[in-house]
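Descriptive structure summary
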Amino acid sequence: SHAHFMLKEIFEQPATIRDVLRGRLLPDEGTTRLNGLNLTPEQCRAVERVVIVGCGSSWHAGLVGRHFFEHLAGVPVQVEYASEFRYHRHTQMAGTITLGISQSGETADTLEALRLARRAGSRVLGVVNVVGSTLAREADGGVYLRAGPEIGVASTKAFTTQLVALLMMAIHLGRHRGLSRENGQRIVSELEQLPDAAARALELDDQLA
């Protein structure tokens, strides 16, 4: 019913945003349930820095995610292109979470960057779409996007679910680091409304064309 896969995937965004949120929001507590991160409250409070690595669209998602983590969790964030991160000298990364973002979970530069970070003492987390991918297997924890196959070359639904996943992670971390329950409740409430807001935006398709 669509001219091409990219248009189909654009229109799937309300459903994929709903899927990535499903079962992960705790409105009354103003936080998110992300057991897959494998982080204790003490580990959340002990984080000194977050390094986000990715390529292409995933790197751009990381640039947005930086604002989420800095504002909600009060933690300094560094965003690196994975292919360049590999050529840094990494001497000591204790107290750091290195977060790899990859739709496929098979991006070679991102995988190698995470391996380097682990060898330097960092904890490694992933934001990934493909279940059972190399990134999913090698990371210490993470969040699945639940976006389904993305056939279009330009990222659409995977990108928006990456942003939602990063925001949920920032809320989760933040609630252990000083983010108030009231502010958490407000953001979670707005997240609950996001799928319907995306659907309303897509209703403007003919008008925008």
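For the structure given in this document, a descriptive report is provided here.

What follows deals with the overall build of the protein. Across its full length, the protein holds ten helices and seven strands. A compact globule built from 209 residues should have a C-alpha radius of gyration of about 17 Å, and the protein, at 17 Å, falls within 12% of that. Among the 209 residues that make up the protein, the fraction classed as buried is 45%. Considering only residue pairs separated by 6 or more positions, the protein has 74% of its internal contacts joining residues 24 or more positions apart. Split by element, the accessible area of the protein, about 10100 Å² in all, is 52% carbon and sulfur. Of the charged side chains in the protein, 22 are positive and 23 negative, and the gap between their average positions amounts to 6 Å.

This part takes up the packing of helix 2 (residues 13–21) against helix 8 (residues 157–174). Where helix 2 meets helix 8, the closest approach of the two axes is 9 Å, and the angle between their N-to-C directions is 30 degrees. By the criterion of interaxial angle, the relationship of helix 2 to helix 8 is roughly parallel. With respect to the hand of their crossing, helix 2 and helix 8 are arranged in right-handed fashion. Taking contact as the criterion, the partners of Gln 13, Thr 16, Ile 17, Val 20 and Leu 21 in helix 2 are, on helix 8, Lys 157, Thr 160, Thr 161, Val 164 and Met 168. Residue composition of the contact of helix 2 with helix 8, by class: five nonpolar, four polar and one charged.

Let us now look at the pattern of salt bridges. Scanning the entire structure with this criterion turns up ten salt bridges. One salt bridge connects Lys 8 with Glu 12, and the closest N-O pair in it is separated by 2.4 Å. Residue Lys 8 is classed as partly exposed on the basis of its relative accessible area, which comes to 33%. The salt bridge partner of Arg 18 is Asp 196, with a shortest N-O separation of 3.1 Å. Taken as a pair, Arg 18 in helix 2 and Asp 196 in helix 9 (residues 181–202) lie far apart in primary sequence, 178 residues in all. Where salt bridges share partners, they join Glu 112, Arg 115, Arg 119 and Glu 138 into one cluster.

Once that is clear, we can look at helix 2. Taken as a whole, helix 2 has its buried residues at Gln 13, Pro 14, Thr 16, Ile 17, Val 20 and Leu 21. At its buried positions, helix 2 is contacted by helix 1 (5–11), strand 1 (25–26), strand 7 (141–144), helix 8 and helix 9. Following helix 2 by one or two positions, Gly 23 adopts a phi angle in the positive range, close to 75 degrees.

Moving on, we come to the side chain of Arg 24. In this fold, Arg 24 is placed in the loop between helix 2 and strand 1. Lacking a salt bridge, the buried Arg 24 has Asp 19 as its closest oppositely charged neighbour, with an N-O distance of 9.6 Å. Engagement of the side chain of Arg 24 in a polar contact is seen with the backbone oxygen of Tyr 144, the distance being 2.9 Å. When sequence neighbours within four positions are dropped, the list of residues in contact with Arg 24 reads Thr 31, Thr 32, Arg 33, Leu 34, Val 143, Tyr 144, Arg 146 and Met 168.

Take the packing of aromatic side chains next. One pass over the structure, following the stated rule, counts one aromatic pair. Considering the side-chain rings of Trp 59 and Tyr 81, the 5.2 Å spacing of their centres and the 55 degrees angle between planes classify their relative orientation as tilted. You can see Trp 59 sitting in helix 4 (residues 57–73) and its partner Tyr 81 sitting in strand 4 (residues 77–81), a full 22 residues away along the chain.

By secondary structure assignment, the location of Ser 122 is in the loop between helix 6 (108–119) and strand 6 (123–128). Note on Ser 122: relative accessible area 6%, which makes it buried. Polar side-chain contacts of Ser 122 include one of 2.8 Å to the side chain of Thr 98. Once residues within four sequence positions are removed from consideration, Ser 122 is found in contact with Met 93, Thr 96, Ile 97, Thr 98 and Ala 117.

It is worth spelling out the nonpolar core at this point. Residues Phe 69 and Met 169 are the most contacted members of the largest nonpolar core, which totals 42 residues. Elements with a minimum of two residues in this core: helix 2, strand 3 (49–54), helix 4, strand 4, strand 5 (96–102), strand 6, helix 8 and helix 9. Broken down by element, this core gets its largest block of residues, ten residues, from helix 8. Beyond its immediate chain neighbours, meaning those up to four positions away, Phe 69 contacts Ile 52, Gly 74, Val 75, Val 77, Leu 99, Leu 166, Met 169, Ala 170 and Leu 173. Counting 14 residues, the second-largest nonpolar core is a separate cluster that includes Val 51, Ala 113, Val 128 and Ala 139.

What counts and what doesn't
Residues numbered from 1 in each chain as written. Predicted model: local features only at pLDDT ≥ 70, side-chain atom pairs only at ≥ 80, totals over all residues. Heavy atoms only, no water. Helix = DSSP H or I, 4+ residues; strand = E, 2+ residues; numbered from the N terminus. Rg over C-alpha atoms; globule rule 2.2 N^0.38 Å. Buried < 20%, exposed > 50% of the residue type's maximum accessible area, 1.4 Å probe, protein only. Contact = heavy atoms within 4.5 Å. Areas by Shrake-Rupley, 256 points an atom, 1.4 Å probe, with all protein chains shown as cover. Lys, Arg positive; Asp, Glu negative; His and termini not counted. Charge placed at Lys NZ, Arg CZ, Asp CG, Glu CD. Axes fitted to C-alpha atoms, helices over the stretch in contact; angles between N-to-C directions. Parallel < 35°, antiparallel > 145°, perpendicular 65-115°, else oblique. Left-handed = near helix turned anticlockwise from the far one by under 90°. Nonpolar A, V, L, I, M, F, W, Y, C, P; charged D, E, K, R; others polar. Salt bridge = Lys/Arg side-chain N within 4 Å of Asp/Glu carboxyl O. Polar contact = N/O pair within 3.5 Å; in protein donor to acceptor, adjacent residues only side chain to side chain. Phe/Tyr/Trp six-rings, centres within 6.5 Å; stacked < 30°, edge-to-face > 60°. Core = buried A, V, L, I, M, F, W, Y, C linked by side-chain atoms within 4.5 Å.

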